[in-house]
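Descriptive analysis of the structure
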Amino acid sequence: MNAPVTRRDAVLGFAAAATSFAVPSILRAQSAGRLVVVGGGFGGAACARALKRAQANLQVILIEPNTVFTSCPFSNEVIAGLRDIEAQQFGYDGLGAEGVTVISQAVTTIEPQLRSVVTADGVALPYDRLVLSPGIDFHFDALPGYDDAASEKMPHAWKAGAQTLLLRRQLEAMPDGGTVAIAIPANPSRCPPAPYERASLIAHYLKTKKPRSKILVLDAKDNFSQQRLFERAWKELYGDMIERIGLSQGGRVTSVDPATRTIVTEFGNYTPDVANVIPPQRAGRIAEVAGAADATGWCPIDPVTFESKLVPNIHVIGDACLGGGIPKSASAASAQGKACAAAIVSLLAGRAPETPRLTGVCYNIVAPGYGFSLASNYQPRGDIFAEVEGGATSPVDAPRELRAREATEAERWFQTITADTFG
């Protein structure tokens, strides 16, 4: 039986394995197979690197249109003015140095019958196995009035980068005494605790710079992850600055009007000075193009191999999957990427893959030097991942010394997972 995983064990578990510096080549001689990974976030990059480390003669191709990856974890600190965006940005040279071929293109077509991926420049790349790690896209049809154009006035900042900086600028421009509204969708969504961390750090910024201001949280849920920890921190640190309206109180957002910056809920309308609208989500578009997404908008998988339930020889990892109890987070995506790589190596060798046991770690920073965390273990149960014994969460009544230590551990976790993923 595996020993329980503590938060410290989970962080240290991301330490990088031994590195093999092979010369990248699409046409490598004596290859044991060609693996194509689409999407260079925490899941896809971790999978590509793990595949190459597991078997040096595999041809591993990572296709990602962006030459720089901008991390969502810790981007809430950028919004609150506590961190520069450059601290969130990582390139792919480290993967290239290990022999992974990195192609900076978007994928336009996937042909499962031909086992081929076509990039935006018209190049067709055959594969033996394909891994999709496309993250999330927005389900605009589920929120009338909201689209890409609306996000320029009512930013979501749910894909880190330009939107992160836009929301930061809007907060900086808001007068003291203004109201910030954060609209939170129902699950499933990327990193369920992150909107509440965002509310906390925006409150820190306002308390410091614009203390007469308020935050209104409009929530499509009544309960949320680590709720008692957040609410205790809000009361302790921010008094009545944050007001949350849950689902049963009419907090679900039903539409928006970007022209007037109006947020419409079931029980009333709001026109805040800054509107952070996080829309409902679905798997990244390329999953639908591949035929791997079902009517829910997400991708059903075999949780042992991560192979699509809908399309053979295609595996789906990270935020895009229907993972059951495992959250859509960077930590979970990285763990899935490594487990998927191990399963693929076994399948190529004709062996039965081992049943994975994954650990997901989630840190939340609610103020500088004040953090808490949740670490959980997951294993396949039926068609999904279910939480199993051995997890750990921060105690609600912890002293400030523990909160400060966990904030430090959060930064160390981020440094470790980004180094392990991107080099």
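See above for the structure.
Keep in mind the model is a prediction, meaning the values are calculated, not measured. Just so you know, the residues in each chain are numbered from 1, in the order the chain's sequence is written. Thresholds applied to this predicted model are a pLDDT of at least 70 for local features of residues and 80 or more for the giving and counting of side-chain atom pairs; totals over whole chains, interfaces and linings are not thresholded and use all residues. With hydrogens and water stripped out, all remaining heavy atoms of the structure feed into the side-chain values.

Before going further, it helps to spend a moment on the pairing of strand E11 (residues 179–184). Counting buried positions along E11 gives 5 out of 6 residues, so the element sits mostly inside the fold. As defined by bridge partners, E11 adjoins strand E12 (residues 214–219) across 6 bridges and the pair is classed as parallel. Paired with Val 180 across the strands is Ile 215, a residue of E12. Between the parallel pair E11 and E12, the chain is carried across by helix H6 (residues 194–209), and the sense of this crossover is right-handed. As defined by bridge partners, E11 adjoins strand E17 (residues 274–277) across 4 bridges and the pair is classed as parallel. Bridge pairing in E17 links Ala 181 to Ala 275. Remark: exposure states derive from per-residue accessible area (1.4 Å probe, protein chains only) relative to the maximum for the residue type, with buried under 20%, exposed over 50%, and partly exposed in between. Only DSSP runs of H or I covering at least 4 residues are called helices, and only runs of E covering at least 2 are called strands; the numbering of each starts at the N terminus. Pairs of strands are assigned from DSSP output, requiring at least two bridges between the strands. Note on handedness: a crossover is taken as right-handed if, strands pointing away from the viewer, the path from the first strand over the helix to the second is clockwise.

Turning our attention to the sheet that holds strand E14 (residues 253–257). Here 3 strands make up an open sheet; going across it, the order is E14-E15-E16 and the pairing antiparallel. Both edges of this open sheet fall to E14 and strand E16 (269–270), since each of them pairs with a single strand only. When E14 meets strand E15 (residues 262–265), the two strands line up antiparallel, connected through 4 bridges. For Val 256, the partnering residue across the bridge sits in E15 and is Ile 263.

Here we come to the pattern of salt bridges. By convention in these notes, a salt bridge is any Lys or Arg side-chain nitrogen within 4 Å of a carboxyl oxygen on Asp or Glu. Enumeration according to the criterion identifies 19 salt bridges in this entry. Close ionic contact of Arg 53 with Glu 98 constitutes a salt bridge, the shortest N to O distance being 2.9 Å. Of the two residues, Arg 53 is situated in helix H2 (residues 42–54) and Glu 98 in the loop between helix H4 (93–97) and strand E5 (101–103); the sequence distance between them amounts to 45 residues. On the accessibility criterion, Glu 98 (3% relative accessible area) is buried. Across the salt bridge formed by Asp 219 and Lys 221, the nearest N and O atoms sit 3.4 Å from each other. Salt bridges linked by common partners bring Arg 49, Arg 53, Glu 98, Lys 338 and Asp 420 together as one network.

A word on the environment of Leu 216. One can find Leu 216 in strand E12. Residue classification places Leu 216 among the buried residues on the basis of a relative accessible area of 9%. Taking the C-alpha atoms as reference points, Leu 216 and Ala 349, 133 residues apart in sequence, are found 55 Å from one another. Setting aside its immediate chain neighbours within four residues, Leu 216 contacts Thr 179, Val 180, Ala 181, Ile 182, Glu 243, Ile 245 and Tyr 270. In what follows, residue pairs with any heavy atoms lying within 4.5 Å of each other are defined as contacts.

On to H2. Three or four residues apart is the spacing at which side chains of an α-helix point the same way, because the helix has 3.6 residues per turn. In this scheme, a helix's expected span is set at 1.5 Å multiplied by one less than its residue total. A rise of 1.5 Å per residue sets the reference length of H2, with its 13 residues, at 18 Å; its end C-alpha atoms lie 18 Å apart and thus fit the reference within 8%. Listing the buried residues of H2 in full gives Phe 42, Gly 43, Gly 44, Ala 45, Ala 46, Cys 47, Ala 48, Arg 49, Ala 50, Leu 51 and Lys 52.

In plain terms, two cysteine sulfur atoms within 2.5 Å form what is called a disulfide here. Taken as a whole and judged by the stated rule, the model has 0 disulfides. For Cys 72, which is in no disulfide, the shortest distance to another cysteine sulfur is to Cys 191 and amounts to 8.5 Å. For Cys 72, a relative accessible area of 25% corresponds to the partly exposed category. Sulfur of Cys 191: no disulfide; nearest cysteine sulfur belongs to Cys 362 and is 4.8 Å away.

Right, let's get into the packing of H2 against helix H9 (residues 330–348). Under this scheme, a helix contributes an axis fitted over its contacting stretch, all axes are lines through C-alpha atoms, and angles between N-to-C directions fall in the 0 to 180 degree range. Packing of H2 against H9 brings their axes to within 7 Å, and their N-to-C directions diverge by 35°. Like other packed secondary-structure pairs, H2 and H9 cross with a definite hand, here right-handed. Here H2 contributes Phe 42, Gly 43, Ala 46, Cys 47, Ala 50, Leu 51 and Ala 54 to the contact with H9, which in turn contributes Ala 330, Ala 333, Ser 334, Gly 337, Lys 338, Cys 340, Ala 341, Ile 344 and Val 345. Classification used: nonpolar for Ala, Val, Leu, Ile, Met, Phe, Trp, Tyr, Cys and Pro, charged for Asp, Glu, Lys and Arg, polar for all others including Gly. Residue composition of the contact of H2 with H9, grouped by class: 12 nonpolar, 3 polar and 1 charged. Crossings are classed by handedness, with left-handed meaning an anticlockwise turn of the near helix from the far one by less than a right angle and right-handed meaning a clockwise turn.

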